[in-house]
Each structure stands twice: as C-alpha cells, then as structure tokens.
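Working through the structure, step by step
So you can see what is in the structure, the chains are spelled out below.
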Amino acid sequence: MAIRPDITPDAPEAEQPAIGLIGMGAMGGMYARLLSKAGWKKIYICDLPEKFETLKAKFGDLPGVHVLENGHLVSRVSDFIMYSVEAEYIDRVVAQYGPSTKVGAIVSGQTSVKAPEKAAFEKYLPQDVEIVSCHSLHGPTVSPVGQPLVLIKHRATDDSLKVVEQILKPFGSRYVYLSYEDHDIVTANTQAVTHAAFLSMGTAWHSSLSYPWEHGLYVGGIETVKVNIMLRIYSNKWHVYAGLAILNPSARVQIDQFARSTSEIFKLMLAGDAPGLRARIYDARRIVFGDGAASGDGAVGRARPPILLSEDLLDRFSLGKKPSDASSPTSRQGAPPNSHLSLLAMVDCWARLGIKPFEHLDLAATPIFRLWIGVAEYLFRSEARLDAALHAALYETTHRSDDLEFVVAARGWSQCISFGSFELYKERFMHTSAFFESRFEEATKVGSAMIQALMDSSPPPNTNPAP
C-alpha cells in the first residue's frame, strides 16, 4: 500500500507508514522518543544483536515502538528506514542490511558526513527503493524545535519527499534542502573549526591540570561560552566529531589552517609585533565581517542584527565562582584581560580560506556554531573590544601559558586528524574527557539553558524553500 503524501500521526494505524530505525545511539534514541511522542504507531527499532534485551528494557514501553533483533527484520517491514550509525561503520551496516530493504521503501541516514553514506546507499541498496536522507543539526539534548533539519532528495519522487517531511514534521524543526555534496561543504564550514577550537581548549586546560574557571579565570561573558561549550563537547560521544573531522576532506583542510593560524598569531604575540598582529587581525575582520562603516564604539556596521547583543545574557550561565563585589578578580570587570587567541585564530582561518560563515548561518547552523560565531562577531564588531584583545595578546601575561598550551593542542589535533585514525582520535578525546568528567552533569544543564536563552533572544533565521 502506498503511503499518502499528506499522512499524519492522526491517521488510522493501518494507513500509517512503518518507520524503521537502525542504530539506537543517542540520536537514534532521540528520534524514537520524538516519533513515539508524535503519535506514530508503527516504529521498529534495532541495534547490535547483543543489545537486544537492553533495548527492549529501555524502549519497549514507549507507545508505538517495537524492538526487533536486527536490521534485516527492520528493513523487511519498514516503509521509511533511517540508518543512525557512525559514519565510520555506515558502509558495513548498509552492506549487511541494505539488500533486505522492503520494495518501494524510502531510505535515509543520520550520519554527519554524507559522502560515505551516499556511496554505501548507491552500492548496496536495491534499485527499487528511494533515497531521501536527512541530518538533524543539533545534539540529542537540544530541543529540535526551530533547529535546522537537512533533507536530501537524492533518488526519490516529490511524493516520497513529502512523506518524509510529514513523518518528521512533529519535531518542529526547520527544513533545509541540500544535495549530498553541499551538505558536506556546509557542515565543514560551520563545524570543523568550531570543534577544533573547543577540543584544543579542553586539551590545553587538561595539560595544565586545572579547571581555571574555578580559580577566577574564564568567568563571565565570552569566557562562559568557552567553558560551557568545551565541557558540552567533551561530554558527548567522541565519534560525533571524529567522523566530520576525518572523513570530510574540507574539514581536514580547515583544521590544518586553524592550527597554522593559531601558531602564526602566537608568534606575532611573542615577537611583540603590534603592527603586524593588528594588520593581520583587522584584515581577517574585513574579509569575514565586511568593510562596514564604523559607528558608536567603532563597531562594524552590518545590515543584519548581531547574534549576541550583550555579554550580560551569558553571565547567568557561568560555572565559575560568583564575585562578591565588582572589584573581585572573578568579576568580568576585574578579570585579567584575555587575548581570545581561539577567536582570533578562528576568524583568521576563515579569512585565509575565503570562507564566509554568515552565508551558512541561516542555512544550516548548529546551536554551538551559532553561539560561537555570535561570540566572535561580538568581539570583532567592536574596535574597542578587539583592540583590548590585541593589547592583551601583546602585553598581558596572565593567560600566556594557556595560550601556549592552546597552540600545542591545536597542532596536536591537526596532526591527529591528518593521520586518519579513529582509534587515535578516540584515545586523545577520551583522555581529556576523563579529566573533565566530574563537571559534565552541571555543564550539560547550564549549557542547554544557555543555548536556549540565546535562541530565544536571537532574530529568527531566514529560510529557503523546497526545491
């Protein structure tokens, strides 16, 4: 029976599509819960055979959810099938279960890097099935409402695309229509350097064997974003970031340039080359943020409203010690000036590669990218704030040791990714993750609230129509 393009969860069960989820990690689990909550009544899920009993205990009581032993059983009965597995394993899993796909079914994937997924689908799926892939551009702890959800109509009819839209409509996400190739370019441009920056921060602080926000550093304002998002990334699964970094060629290029930008800027700092540092950073500012006329405090004039209007919004989410008075060294006003090397290097990297991040901001920005580019924009829009960072880079030494560790960490991550080894990436990631593990629970709650507060205070993004 063909599925109606206007199908809804309110339709009789006999008319509803059978929805299959292969892979029940964090994102697969999120999809199962959201689809069940929406009212879909035929949801078939599976993971590795040895996880069958655990899966039944965890999801067996969810309305409409049926736990099956393997992907063959899911593939045979499902009208819409989503592979939610790591990019590293997508070829192997589709090779195993793809031939069992029900005739006329629609197949999708939730991998963060689409090139391996596309190759696997084209190689192993029968010709009598359709392909409409997807990618929710947010983590499992973030509400999907208003977040970008990429849809890729690769080998499918318009009606099949509409069926997928209807199945996922209850998520409340904003559809973004891309090709497989454009998806990988956009995700590299919006995520690669962002992840590299936070991974390097964590490694740097780990190397210093300190939680600096608990000792009066990195407290309040921009520093709050650095700490919360770093902890958020290291509390997630390592493979979420490894796939993008290792399997996406564009990401590798950007991460390598980020490491070079970090090193070269730090050398200018050590040399005390004020004219050279200012020229390089202001050139990056012009390329990434535009020439714009100066106004007020010397801010770059932009047609679009800024993402972050004030650091005061961020102060509510600081994990550091709260100051007892305005003169406290833990207050933002009394805190030692920071070079914000990570932000300087990120913008310099984009400038060197000719990347215009704002072009992808409305299209397919993750919550973390939106927050991080908002912080970068806040720093670079104002000559006063940017000049203060440059002055700190040249003449303040409070953060110099952390800057050194950050340079070493950025180089280390770039080299690690260049080797193309998932095991090496995992070992490096988990080594630092273990150091911060005791701080994850609080950081996850605070980070989610911070992201939601930013979304609530930001203007709604522009949307693009379906093709």
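Since this is a predicted model, take the numbers as computed values, not measurements.

1. Some details on the packing of aromatic side chains
- Under the definition given, this model contains 17 aromatic pairs.
- Between W350 and F369 the ring centres are 6.1 Å apart and the planes differ by 75°, which places this aromatic pair in the edge-to-face class. Of this pair, W350 sits in helix α13 (residues 341–353) while F369 sits in helix α15 (residues 367–381), and the two are 19 residues apart along the sequence.
- An aromatic cluster is present here, built from Y211, Y234, Y241, W413, Y425, F429, F435 and F436 joined pairwise through their rings.
- Positioned above the aromatic ring of Y378 is the side chain of R385, whose terminal nitrogen or guanidinium carbon lies 3.7 Å from the ring centre.

2. Considering the packing of helix α7 (residues 180–207) against helix α8 (residues 222–235)
- Where α7 contacts α8, the two axes come as close as 9 Å, and the packing angle between them is 95°. Judged on the interaxial angle alone, α8 and α7 are roughly perpendicular. From α7, H195, F198, L199, M201, G202, T203 and W205 reach across to α8, where they touch V225, K226, V227, I229, M230, I233 and Y234.
- Here the residues of the contact of α7 with α8 sort into 10 nonpolar, 3 polar and 1 charged.

3. Points about unusual backbone geometry
- The phi dihedral of L209 is positive, around 55°, even though this residue is not glycine.
- Inspection of the secondary structure puts L209 in the loop between α7 and α8.
- Exposure remark for L209: the relative accessible area of 65% places this residue in the exposed category.
- One non-glycine residue, H340, lies in positive phi territory at about 50°.
- One can find H340 in the loop between α12 (312–315) and α13.

4. Examining the environment of L244
- Relative to the helices and strands, L244 resides in helix α9 (residues 239–247).
- Each C-alpha atom, one on L244 and one on S112, is 6.3 Å from the other, the two residues being 132 residues apart in sequence.
- In this structure, L244 is in contact with S112, V113, T187, A188, Q191, A192, H195 and A251, ignoring residues within four places of it in sequence.

What counts as what
- Residues numbered from 1 in each chain as written.
- Predicted model: local features only at pLDDT ≥ 70, side-chain atom pairs only at ≥ 80, totals over all residues.
- Heavy atoms only, no water.
- Phe/Tyr/Trp six-rings, centres within 6.5 Å; stacked < 30°, edge-to-face > 60°.
- Helix = DSSP H or I, 4+ residues; strand = E, 2+ residues; numbered from the N terminus.
- Lys NZ or Arg CZ within 6 Å of the ring centre and 35° of its normal.
- Axes fitted to C-alpha atoms, helices over the stretch in contact; angles between N-to-C directions.
- Parallel < 35°, antiparallel > 145°, perpendicular 65-115°, else oblique.
- Contact = heavy atoms within 4.5 Å.
- Nonpolar A, V, L, I, M, F, W, Y, C, P; charged D, E, K, R; others polar.
- Buried < 20%, exposed > 50% of the residue type's maximum accessible area, 1.4 Å probe, protein only.

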